[in-house]
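A look at the structure
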Amino acid sequence: MRLSRIIMALTVGLAVVAVPAVAGAAPQPSPTVTDPAQPPTYTPQLPSLTVNRPTIYLGETVILTGRNFGRNVTVDIVVTVQSLAAPAADTARRSDGSTVAMAPVAYQPTTADRFSVGTNTDGLFTREYTPRVTGLITFTAETDRRPSIELRVLPKKKPHLPVTGSSLDTPMKVGGGLVAAGTVMLLGTMLWRRRNRFGVGGAR
């Protein structure tokens with residue numbers, strides 16, 4: 001009887017000791033690992049060209065600006081010009097009166113100018129440019145990216161002449177002459193009517 005109690009007591013003790021061990025051996029969920037903050041992505045600045053005015057008149061000056069080029073380098077700029085209005089398709093009339101469509105001839109831009117300009121330590125440059133012709137002008141940098149910008153050059157504006165005394169002399173002279181001629185004709189008509197009236201009365 002005592003042996004049974006001893007065995008039972010040992011069994012209960014072993015069970016009490018084994019429960020924490022089994023609980024500790026159970027798989028535990030892995031802690032959540034937070035990724036460190038990623039550094040910001042660097043976006044390289046591409047070379048670009050800009051002009052201070054997109055449209056000018058012939059004889060005016062535009063400022064060309066280049067950004068994000070190499071530091072202290074020489075940049076070659078090619079200037080091309082083409083007509084503002086591309087030639088449209090036309091029709092030709094045959095001898096029998098019928099018409100036939102004519103395909104427009106492709107217009108090839110011609111190189112108008114070329115110059116070089118140097119950048120500063122920030123890869124920046126500015127250059128004044130005065131076009132010598134009208135049309136659609138394109139500035140293109142001779143680099144790997146070949147950035148470009150367009151400029152419209154219109155014909156020179158006609159000056160508005162102010163109205164002066166000398167410009168008014170001719171219209172005033174013409175008007176005065178017409179008034180004088182009208183007065184003479186009116187007096188002549190009145191004299192002619194008066195003469196005819198008295199002439200008729202005298203005949204009676």
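Keep in mind the model is a prediction, meaning the values are calculated, not measured.

A closer look at the packing of aromatic side chains
This model, assessed by the stated rule, comprises three aromatic pairs. Pairwise contacts between aromatic rings join Phe-115, Tyr-129 and Phe-139 into one cluster.

A closer look at the side chain of Thr-140
Residue position: Thr-140 is located in strand β9 (residues 135-141). Thr-140 sits in the buried class, given a relative accessible area of 13%.

Description of the pairing of strand β10 (residues 148-154)
Summarising the sheet, strand β2 (residues 55-57) and β10 pair through three bridges and their orientation is parallel. Directly across from Tyr-57, in β10, lies its bridge partner Leu-154. Of the pairings in the sheet, the one linking β9 to β10 comprises six bridges and is antiparallel in character. Directly across from Gly-135, in β10, lies its bridge partner Val-153.

Some details on the confidence of the model for the chain
With 50% of its residues at a pLDDT of at least 70, the chain reaches an overall mean of 75. Across the chain, the secondary-structure element scoring lowest on mean pLDDT is strand β6 (residues 99-102), at 58, and the one scoring highest is strand β3 (residues 62-67), at 98. The model gives residues 200-204 a pLDDT under 50, and that stretch makes zero contacts with residues more than four places away or in other chains.

Observations regarding the environment of Gly-70
Among the secondary structure elements, Gly-70 is positioned in the loop between β3 and β4 (74-82). When neighbours within four sequence positions are excluded, Gly-70 is seen to be in contact with Thr-119, Asn-120 and Gly-123.

As for the pairing of β9
In regular strands, side chains alternate between the two faces of the sheet. Of all seven residues making up β9, seven are buried, and the element is well covered by its neighbours. Here β9 folds back onto β10, and the loop between the two strands holds six residues, one of which, Arg-146, carries a positive phi near 50 degrees.

With respect to the sheet that holds strand β8 (residues 125-129)
Sheet architecture is open: three strands sit in the order β1-β3-β8, paired in antiparallel fashion. The strands lining the two open edges of the sheet, one partner per strand, are β1 (48-51) and β8. Adjacent strand axes in the sheet meet at a mean angle of 20 degrees, parallel and antiparallel pairs treated alike. Taken together, the five bridges between β3 and β8 define a ladder with antiparallel strand orientation. The residue of β8 that forms the bridge with Val-62 is Tyr-129.

Some words on the nonpolar core
One finds Leu-49, Leu-64, Ile-77, Phe-125 and Phe-139 to be the most contacted residues of the largest nonpolar core, which totals 19 residues. Only β1, β3, β4, β7 (110-118), β8, β9 and β10 provide two or more residues apiece to this core. If one sorts the elements of this core by residue count, β4 sits on top with four residues. Among all residues touching Leu-64, those that are not within four sequence positions of it are Leu-49, Thr-50, Val-51, Ile-77, Phe-115, Phe-125, Thr-126, Arg-127, Phe-139 and Ile-149.

Structural notes on the pattern of salt bridges
Under the criterion given, the structure shown has two salt bridges. The partner of Arg-53 in a salt bridge is Glu-60, and the shortest N-O contact between them spans 3.0 Å. Residue Arg-53 is classed as partly exposed on the basis of its relative accessible area of 32%. For Glu-60, a relative accessible area of 27% corresponds to the partly exposed category. Of the charged contacts in the structure, one is a salt bridge between Glu-142 and Arg-146, with a shortest N-O distance of 2.6 Å. On the basis of relative accessible area, Glu-142 is assigned to the partly exposed category, the value being 35%.

As for the side chain of Thr-65
Inspection of the secondary structure assignment puts Thr-65 in strand β3. Owing to a relative accessible area of 12%, Thr-65 belongs among the buried residues under this scheme. Sequence-distant contacts of Thr-65, defined by excluding residues within four places in its chain, comprise Ser-48, Leu-49, Thr-50, Leu-124, Phe-125 and Thr-126.

What counts, and where the lines are drawn
- Residues numbered from 1 in each chain as written.
- Predicted model: local features only at pLDDT ≥ 70, side-chain atom pairs only at ≥ 80, totals over all residues.
- Heavy atoms only, no water.
- Phe/Tyr/Trp six-rings, centres within 6.5 Å; stacked < 30°, edge-to-face > 60°.
- Helix = DSSP H or I, 4+ residues; strand = E, 2+ residues; numbered from the N terminus.
- Buried < 20%, exposed > 50% of the residue type's maximum accessible area, 1.4 Å probe, protein only.
- Pairing = 2+ DSSP bridges.
- pLDDT = per-residue confidence, 0-100.
- Contact = heavy atoms within 4.5 Å.
- Axes fitted to C-alpha atoms, helices over the stretch in contact; angles between N-to-C directions.
- Core = buried A, V, L, I, M, F, W, Y, C linked by side-chain atoms within 4.5 Å.
- Salt bridge = Lys/Arg side-chain N within 4 Å of Asp/Glu carboxyl O.

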